[in-house]
Amino acid sequence: MDLCVFGVDDGYAEAIIRGLRASFLTEAQYQQMKNCASIPELKSFLEETDYQNCLQADNPQIPTSILRQRLKKKLADEFEYIEAQSTGTLTKYLFHLRCRFMIDNVVNMIEGLKNKIDIEILLSNIDPLGWFPEIKNIKVLEGDDYSSLYRDVLIDTPIGVYFMKFLEESIENLHENRTLNDIQNLFREMKPEYIRTSLKKMWLEDFYLFCEQELMPTSQEVLLELLKFEADFKTIQVIYNSIGNRDLNTAAKIITTRKQLCPTIGNLYPDCEKMYLQAMTLDTLREAVKGCDNYRDLLKDAPDPLKREEFNVQTKTLDDIMYDDECRRYALAFDGQGSYGVFYSYLKLKEQEIRNIIWLAEMISRKLAKNHPGWKKIIIPFSHLGK
Amino acid sequence: MNFFRSQTMGYYKLIIPRESAWNVMNELAELDCIHFVDYDPTLPMINRPFANYIKRCDDLLIKLQLIEHEMKKYYKKITYCKDVNFLIKNFKQIIKERSKASHTYLDEIENDIDKKHQQLIEQSTNMENLHERRNKLIEHKSVLLKGEALLGQSFFQPANYVAEGYVNLQGKELDDIKVLQGSVKFNYLVGVINKEDQIRFKRIIFRITKGNAWMNTMDIESDQIVDTKNDDAKIIKSVFVVVYPGGGGSNVITNKLNKICESFQVAKYTFPENNMVFQEKLRSIETELVETRNLLEMTKNQVEAYLDDFQRVYQNSNCSQIEELKLFLIKEKYLYTQLNYLRVQGSVLYGSIWLPQGADIKVDSALREVQTIYEGLPTGQLQISPPEGTKPPPTFFETNEITWGFQEIVNTYGIPRYKEINPGLFTVMTFPFLFGVMFADIGHGFCLLLLGIYLCVYNREIKESDSLMKHALIVRHMVLMMGFWAFYNGWIYNDFMSVPINLFGSCYTEEQLPQDEQDIQDKQDEYYWKQKQNCVYPFGIDPVWMCVPNELTFMNSYKMKLAVIIGVIHMTFGIILKGINALYFKNWIDFIFEFIPQLIFFTCTFGWMDFLIIYKWFVDWTGNTENAPSVITLMINMILSPGKPVNPPLWGDGISEASTQTAMLLIALFCIPIILLPKPLILNSQNKKRYALNANNLSENLNKDLYQKINEDSEGTQENSENHAASSGGEHHEEFGDIFVHQVIETIEFVLGSISNTASYLRLWALSLAHGQLAEVFFQMCLNGGISSGGFVGAIRLLIGYSIFSMATFGVLMMMDVMECFLHALRLHWVEFQNKFFKADGYAFEKCSYSKVMQDNAVPKEE
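Predicted model only: the values in this text are computed from it and were never measured. (Residues numbered from 1 in each chain as written. Chains lettered and ligands numbered in written order. Predicted model: local features only at pLDDT ≥ 70, side-chain atom pairs only at ≥ 80, totals over all residues. Heavy atoms only, no water.)

Can you walk me through the pattern of salt bridges in this structure?
Pairing between side chains becomes possible if they bear opposite charge and their charged atoms approach one another. One pass over the structure, following the stated rule, counts 46 salt bridges over all chains. What emerges from the salt-bridge pattern is a single network uniting D104(A), E111(A), E193(A), R196(A) and K200(A). (Salt bridge = Lys/Arg side-chain N within 4 Å of Asp/Glu carboxyl O.)

So this is what it looks like as C-alpha cells:
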C-alpha cells in the first residue's frame, strides 16, 4: 500500500537522488585515477567527472585535507538540496541522518580543543554535513567540564538529547555516594573516542526507534535491516577493539565498558550478548557471533587484534572488511524502490567514494609503487552488483 | 543531388609539421569543410598533446567571466558581436601584422588579461577593505548612538560613575537594576552582532550568567552595512548591550562571555565613560567616515576606468573588447581541440580527415597559401588514402534556410546512413501537407499563413530587433508552408472556423416534400434538399452539407477515406524508396526478395482497398443507396470468406469481383514466405562460402609460412603475420539463427505494420475531426447566441462572447492544436513513412568551423 502513495510526498526527492546515481565514479574511472601520477593530474581528472565544479577554483597542488573538504562540501550541498525538497516524515528522517555527522563534529571539536588546536583550523575541518550554528560556540569548553558545555551550548542543539543522556548515564555509573570531585575525575579520564562511540550508539538506537515508529512498512523493512547490521557492526568493532586494550586492564572493567558501548539493537542483541561480552580473544568472538548471518565469514579474514603492532598499510583490517560488506548492502538498498533506504545508502556510498578518492590521493602523493597492495584497498560502490 | 543522397566523402591523410601546426590548422578551420577523425576516442582529453593550451584558454575564459560579472555589477553595457566572420578576418589581419610566430599571440593576450585581471582583483580587494573599514566605522557610530539610547543619558552622569571602572547602572528603563544600586557592581559589554545570531546569543548569555544579566538590542539601519563578499548584499546587524553583575577584572563569567563573543565573531566596543569622550569619539568617527567615503569614490572610479577599457569598441572591431577577447579565446580553444584529434609522432602531426567531394582542391590551395602568408614555415600535406577502420563515412547534406528545419526533423530521429536516400527531401513537401490535412481550416490556416508571411517578409527587421519572434525565424518557411496547406485543405473541407463558405452557390435547393410522403415522415422533415440537374460544386465540399442532419457521418466517411488514400500513397512511396536504395547499393537480395514482394503485398491489400474506395466514388448511387456496399465489409469478406460472390456487389454480379479478390489475396499471401525465407538462406550460404574461403586462405598461408621458414626469408614473415591477423579478425561469422530471427521480425513487422500503419493514418481524419468539433463548440457557445438573439442584448452578449471566443481560438486552436498536429505529422513521418526504408544509422559530418563555434558563443547568455 505504501508503495502506491510513496510518490505523493517523497517522489521528487527520490527522483533527484536516483538521478544522482549517475554521479558515482565507475570502475573504469577508478582505474584511470590509479594511473594518475601526481595530485594535479588527479585533480584535473576529477574535473572531468561530477566533481568538476567544486574543485575548479582551487590550486592544482591541492592538499588532501582540502580536497576532502571540497568533496564533502559537494555531498553536503546535494544533501541540503534534497532536504529542501522534502516534506513531513522525510524531513525528520533526513535530519536524523545529519545527526550522525553532528556528533562527529562535536567530538572532533572537543578533541581538538583538548589538544589546544586553533579554533579556526578546527572550524575549517568540520564536516559540512554536520554543521549547525552552535558548533562555533563549543569554544567555551573549559577543561573537561562537559556538563557546563552541555548546559551552555549543546542544550538546544539537535544532539543535546544524546549528550544529556550520555552525561546522565556516565554519572549514574559512579558509585552511590559520589562527590563533585569524582565527577570531575570521571570527565578528565574520559577519552573523546569514548564519547563518540557512546553518542553514536545512542543516536543509532534512537534512529532505529524512529524508523520503527514513524516510517512506512517498506522503508522500515529496508532500514531496520540496514540498521541492525550497522549495530552488529558496531558491537563487533567495540569488542574487537577492546580485545587486548591496555587501558582496560581488568576483566570487569572491560565488560562494563563493553556493555555501555554496545548498541542494544541488532541481530546479536540480546541472544549473543552474554557470549560476546565475555569474548577475550578473536576466536571466542568468532564463536560468539557465529549464530548470526555471515558474521563468522567476515571475521574469518580479520587479523588478530592481539598482534596490533604488526599491522601496516597492507593489512586488510576489520574496518576494510566491514566497509566492503556494508557497501554491498547499501548498493542493494539503493536500488530498492519506494523506501527511505535510498537516502541513507546514498550518503553511505558517497562517503565511501570520498574515502576512496582520498585514499588514492594519499597513495599518489606518497608516490607509492603501482604494485603496492594499498592500491587495491578501495571499495567501489555498486561494483558488487555486477557479479 | 546533394540533398537526395549525402555528399560523396573522401578519406585523406593530413600531415602537418609541428612548428606550423597552428598556422595550418588556422587556415583549414576557416574552410569550414573538414571533418577530423579522432585517432583514439577512448583517450581522455587531458592526456593529449595540446591539453595544456586548452586549459590555458579555459582559465582565461573564467577570468574574463569574472570581469564580465564585475561589469554587470557596474551596469556596463556590452556590445555583442553580430558578424563573426568580420572578426575572424580581423584576427587574421592582426596576426599577419605581427612579426613574431603566430601562435604566440595567445601568450600576449594571456599576459594582458592576467595583468588586467590582477589589477582588477587588487582594486576590488581595496574596495572590499574600504567597505570593511566603512562598515566598522558605521558600526562603531551606531554603537555609540544606540548605546546611548539603550543605556540612557543618565549613564554619563558622574553620580553613577564608580571609580574602579565598573559602572553602576541607573537608567530610567532599568528599574530592576535600580534596586540593586550601590550594593552590586556591574560590568557591561557593548558590541555589534548579526541579526540572525541575535536570539541564540541572547539564550547563551542567559544560560551562562544563569539569568543574571540584562540585555537589550537595537537594529542598525539596514541599508548602511554592505556585505562585500556576497555581491554587495545588505546585511542587518544590531547593537547589543549586556549588563551583568561582576567583581574583579577576570572573573569566570567575563571570561566565558568573552569566549562566547569570540565564537559568535561579534565586534566588541568599549563604551566611553563620560559625555566628553563620547562626543569626541563621535566626531572623530564622523571625519573618518567622510574620508573613507571619498576613498571609496576614488577606487570606484578607478575600477570603472578599467571596466570601460573592456567595454569599449575598438577600431576594426564590431564588439566590445571583452567580447572580442572571449571570441578569440574560444577560437583558439577550438583550434587546439581539433589539433588534439591528430596523432603526434616526433615533430610531425598525423591526422585523418573526411572531405566532401571537391573540397580537397580547396584544402590543397589553403595549404599552399600557408607558405605564401607565413614565409619560411613548412606547410602540411594532403594525401588520399583508403579508409581505416570499419567506420563508414559521415553523412553530410548541404542545407539552406528552407531545408534546414526539415532536415532537423529527420536528424532528430536518426542521421541517415551514408549515401542513403534522405527522407528530408520529401519531408519538405509531405510534412506541411500532412499537417495541413489535420489542421484544415480556412480561418485558422490563414492565420498561420499570415504569421509565415510576416516572418518571411520582415525577416531582416525582426532579426535585428529584440522581438521574441526572433526565435521563430529559423522555422519561418516551415510555418509558411504549414499555413498554406492548412489554408488549402480548409477550402477542400470548406470549413471556416466551423462555418462553411457558400462561395460558388450550393448545388442543392431546399424543397417541400411531396404531400403523401409528408404524412409518413415526422413533421420536422417537411423539407428536403434536392440536387440541381447536372450541378457539381466546383471546389471542395458543398456548403449545404453543414445544414443536414447527417453532416457528421458524411464528413467522417469522406475524411476517413481521404486519410487512408493519402496514407497508402505515402507508404507505397516509402516502399518504392526502399527499392531505389537497394538498387543504388546494388543489394539484389533486398531488391528481389524484399522490395518486390513487399510492394506487391501492399498493393494487393491496401492498394486494392484504395481502388475500391475510388471506384465507389465513381458510381452514381443516387436513389440506390441501400445497394451501395460498405468498403469495410468488402475488405473483411475478402479475407474471411474468400471466393464467395460479393453481395451487394460493387460492380457486375459480384462473381468477377470475388475472383479478383481471391486472386489478390492469394498473391498477397504468397508474398509473405518470399519475404521471409529466401533472404536468410542466401545470406547464410554466402557466409559459409566466405568462411570456407577464409579457412582455405589460412591453410595456404600456413603452408607458405613453412615454406618461407625453410627459405629463411625473414622479410616476408612480418607481412604474413599481418595477413593472419586480418583474416582472423575479419571473421564476422553470424549465426544462421540470428539472421533468421531477424528476418522473421522484419516480416512480421511489415505485414502487421501495413495494417496498423494504415490505421495510423486515420489520425489525419481524427485530428481534423477534433479540430472541427472544437471550433464548432467555441463558435456555438460564444458567438451563436449573440448573433441569433440580435438587438442590444445580442450586442452585449457578442461583446463578451467574442472575447472568450478569440482567447479560446488563440489558446486552444492556434497554439495547442498547432502543436498537436505538428507532433502527429512528425509521428507519421518518423514511424509510418520512414520505417519502410530508412536505416538511420549514420553519423553527422561535423565540419571544423570557426564561424560556427564563435557564432554559438557570440550571443549573450540569457539569465
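Just checking my understanding: could you explain the UniProt feature "transmembrane region" (unreviewed entry) in chain B for this structure?
All names here are of chain B. In the UniProt entry, the feature "transmembrane region" (unreviewed entry) is given for residues 433-456, 468-488, 562-584, 596-618, 663-682 and 799-819. The annotated region residues 663-682 carries 95% helix and 0% strand content, and the separation between its end C-alpha atoms amounts to 29 Å. Secondary structure across residues 799-819 divides into 100% helix and 0% strand, with the first and last C-alpha atoms of the span separated by 29 Å. (UniProt positions renumbered as here; feature names shortened; annotations may be inferred. Helix = DSSP H or I, 4+ residues; strand = E, 2+ residues; numbered from the N terminus.)

I keep staring at unusual backbone geometry and nothing clicks. Help me out?
The phi torsion of most residues other than glycine is negative, and most of the peptide bonds are trans. Residues and elements named next belong to chain B. One non-glycine residue with positive phi stands out, namely D32, at about 60°. Take D32: it is sitting in the loop between α1 (21-31) and β2 (35-37). Relative accessible area serves as the criterion here: at 25%, D32 is assigned to the partly exposed category. One non-glycine residue, Y75, adopts positive backbone phi at about 55°. Structurally, the position occupied by Y75 is in the loop between α2 (51-73) and α3 (84-97). (Buried < 20%, exposed > 50% of the residue type's maximum accessible area, 1.4 Å probe, protein only.)

Just checking my understanding: could you explain the side chain of N422(B) for this structure?
In this structure, N422(B) sits in the loop between α11 (401-413) and α12 (423-438). In this structure the side chain of N422(B) is engaged in a polar contact, spanning 2.9 Å, whose partner is the backbone nitrogen of G424(B). (Polar contact = N/O pair within 3.5 Å; in protein donor to acceptor, adjacent residues only side chain to side chain.)

Please explain the sheet that holds strand β3 (residues 186-194) of chain B as it appears in this structure.
Strand pairing within a sheet occurs via backbone hydrogen bonds; the two strands may be parallel or antiparallel. All names here are of chain B. Pairing is antiparallel across the open sheet formed by 4 strands, whose spatial order is β4-β7-β3-β8. The strands lining the two open edges of the sheet, one partner per strand, are β4 (214-219) and β8 (267-269). On average, each strand axis in the sheet is tilted by 25° relative to the strand beside it, whichever way the strands run. Along the sheet, helix α6 (residues 198-208) makes contact with β3, β4 and β7 (237-245), crossing β4 at roughly 170°. (Pairing = 2+ DSSP bridges. Axes fitted to C-alpha atoms, helices over the stretch in contact; angles between N-to-C directions. Contact = heavy atoms within 4.5 Å.)

Is there a simple way to think about the interface of chain A and chain B in this case?
One widely used convention gives an interface's size as the accessible area the parts lose upon coming together. Each partner contributes to the interface: chain A provides 20 residues, whereas chain B provides 18 residues. Interface of chain A and chain B: buried area, both sides summed, is about 1,800 Å²; carbon and sulfur atoms make up 45% of it. Of the charged contacts in the structure, one is a salt bridge between K55(B) and E47(A), with a shortest N-O distance of 3.6 Å. On the surface where chain A and chain B come into contact, there are 0 residue pairs in polar contact (both at pLDDT 80 or more). Of all the elements in the fold, those that place two or more residues in the side of chain A that touches chain B are α3 (39-46) and α8 (146-152) of chain A. Ranked by residue count, the leading element in the side of chain A that touches chain B is α8(A), at 3 residues. Class assignment of the residues belonging to the side of chain A that touches chain B gives a composition of 6 nonpolar, 4 polar and 10 charged. (Buried area = accessible area lost by both parts, 1.4 Å probe. Nonpolar A, V, L, I, M, F, W, Y, C, P; charged D, E, K, R; others polar.)

Got a minute to help me understand the state of the cysteines in this structure?
Simply put, disulfide is the name for a covalent bond between the sulfur atoms of two cysteines. Applying the stated criterion across every chain yields a total of 1 disulfide over all chains. One disulfide bridge connects C507(B) with C535(B), the sulfur atoms lying 1.8 Å from each other. Its torsion about the S-S bond being -55°, the disulfide of C507(B) and C535(B) is classed as left-handed. Placement of C507(B) in the loop between α15 (476-493) and β12 (508-512) and of C535(B) in the loop between β13 (527-531) and α17 (551-584) is noted, with a sequence separation of 28 residues between them. Using a relative accessible area of 3% as the deciding quantity, one classes C507(B) as buried. Cysteine C36(A) remains unbridged, with the sulfur of C54(A) as its closest cysteine sulfur at 16 Å. (Disulfide = S-S within 2.5 Å.)

Looking at this structure, I do not really get a nonpolar patch on the surface. What am I missing?
Residues and elements named next belong to chain B. Where nonpolar side chains cluster on the molecular surface, the patch consists of F446, L450, L451, I453, Y454, V457, Y458 and M469 and spans about 680 Å² of accessible area. Structurally, I453 can be placed in helix α13 (residues 442-457). The exposure class assigned to I453 is partly exposed, which follows from its relative accessible area of 37%. (Patch = residues over 30% accessible without salt bridge, like charges linked within 9 Å, V, L, I, M, F, W, Y side chains within 5 Å. Areas by Shrake-Rupley, 256 points an atom, 1.4 Å probe, with all protein chains shown as cover.)

What's the story with the nonpolar core in this structure? I'm lost.
Where a protein is soluble and globular, its nonpolar side chains tend to be buried together. L67(A), Y93(A), F163(A), L285(A) and F343(A) are the most contacted members of the largest nonpolar core, which totals 140 residues. Those residues within four positions of Y93(A) in sequence are excluded, and the remaining contacts are F207(A), F210(A), L215(A), L223(A), Y340(A), G341(A), F343(A) and Y344(A). (Core = buried A, V, L, I, M, F, W, Y, C linked by side-chain atoms within 4.5 Å.)

What should I look at first to understand the domain arrangement of chain A in this one?
Residues and elements named next belong to chain A. Examined at the domain level, chain A breaks down into domain 1 (1-63 + 340-387), domain 2 (86-215) and domain 3 (220-336). Inter-centroid distance (C-alpha atoms) of domain 2 to domain 3 is 23 Å. Taken together, the contact pairs 16 residues of domain 2 with 18 residues of domain 3. Summed over both sides, the interface between domain 2 and domain 3 buries roughly 1,600 Å², with carbon and sulfur atoms accounting for 67% of that surface. When the area that domain 2 buries against domain 3 is broken down by residue, the three leading residues are K201, L204 and Y208, summing to 39%. At the junction of domain 2 with domain 3, the criterion picks out 0 salt bridges. Summed over the shared surface of domain 2 and domain 3, the number is 5 residue pairs in polar contact (both at pLDDT 80 or more). Considered class by class, the residues forming the side of domain 2 that touches domain 3 number 8 nonpolar, 3 polar and 5 charged. (Domains from an automatic or database assignment.)

Whenever I open this one, the packing of α17(B) against helix α18 (residues 588-618) of chain B confuses me. Can you help?
When two helices pack together, their arrangement is given by the angle between the helix axes and the distance between those axes. Residues and elements named next belong to chain B. The N-to-C vectors of α17 and α18 enclose an angle of 160°; their axes lie 9 Å apart at closest approach. Considering their axes alone, α17 and α18 lie roughly antiparallel with respect to each other. When you trace α17 past α18, the crossing you get is left-handed. In the contact of α17 with α18, the residues fall into 20 nonpolar, 4 polar and 6 charged. (Parallel < 35°, antiparallel > 145°, perpendicular 65-115°, else oblique. Left-handed = near helix turned anticlockwise from the far one by under 90°.)

What exactly am I supposed to notice about the side chain of E323(B) here?
Residues and elements named next belong to chain B. Residue placement: E323 occurs in helix α9 (residues 321-339). According to the relative accessible area criterion, E323 is buried, its value standing at 0%. If sequence neighbours within four positions are ignored, E323 has contacts with I78, T79, Y80 and A858.

What exactly am I supposed to notice about the pairing of strand β10 (residues 348-356) of chain B here?
Within a regular strand, the side chains alternate between the two sheet faces. All names here are of chain B. Taken across its 9 residues, β10 has 7 buried, putting it largely inside the fold. As paired strands, strand β1 (residues 9-17) and β10 are joined by 9 bridges and run antiparallel to one another. Considered in β10, the bridge of I15 is made with Y350. Sheet topology note: the β2/β10 ladder contains 3 bridges and is antiparallel. Its bridge partner lying in β10, F36 is registered against I353. Pairing analysis gives 3 bridges linking strand β9 (residues 343-345) to β10, with the strands arranged antiparallel. Within the sheet, the bridge partner assigned to R343 lies in β10 and is Y350. In this structure, the hairpin formed by β9 and β10 is closed by a connection of 2 residues, where G346 is found at a positive phi of approximately 65°.

Honestly, helix α18 (residues 341-365) of chain A in this entry has me stumped. Any pointers?
What sets the pattern is the α-helix's 3.6 residues per turn: residues three or four places apart point alike. Residue and element names in this part refer to chain A. In a regular helix each residue adds 1.5 Å, so 25 residues correspond to 36 Å; α18 covers 36 Å between its end C-alpha atoms and thus fits that length. Of all 25 residues in α18, 21 are buried, a share of seventy percent or more. At the C-terminal side of α18, K367 shows a positive phi close to 55°. (Expected span 1.5 Å × (residues − 1).)

I tried to follow the environment of D206(A) on my own but got confused; where do I start?
Residues and elements named next belong to chain A. Among the secondary structure elements, D206 is positioned in helix α11 (residues 192-214). Here the alpha-carbon distance between D206 and Y162, two residues 44 residues apart in the chain, equals 9.0 Å. A polar atom in the side chain of D206 sits 2.6 Å from the side chain of Y162.

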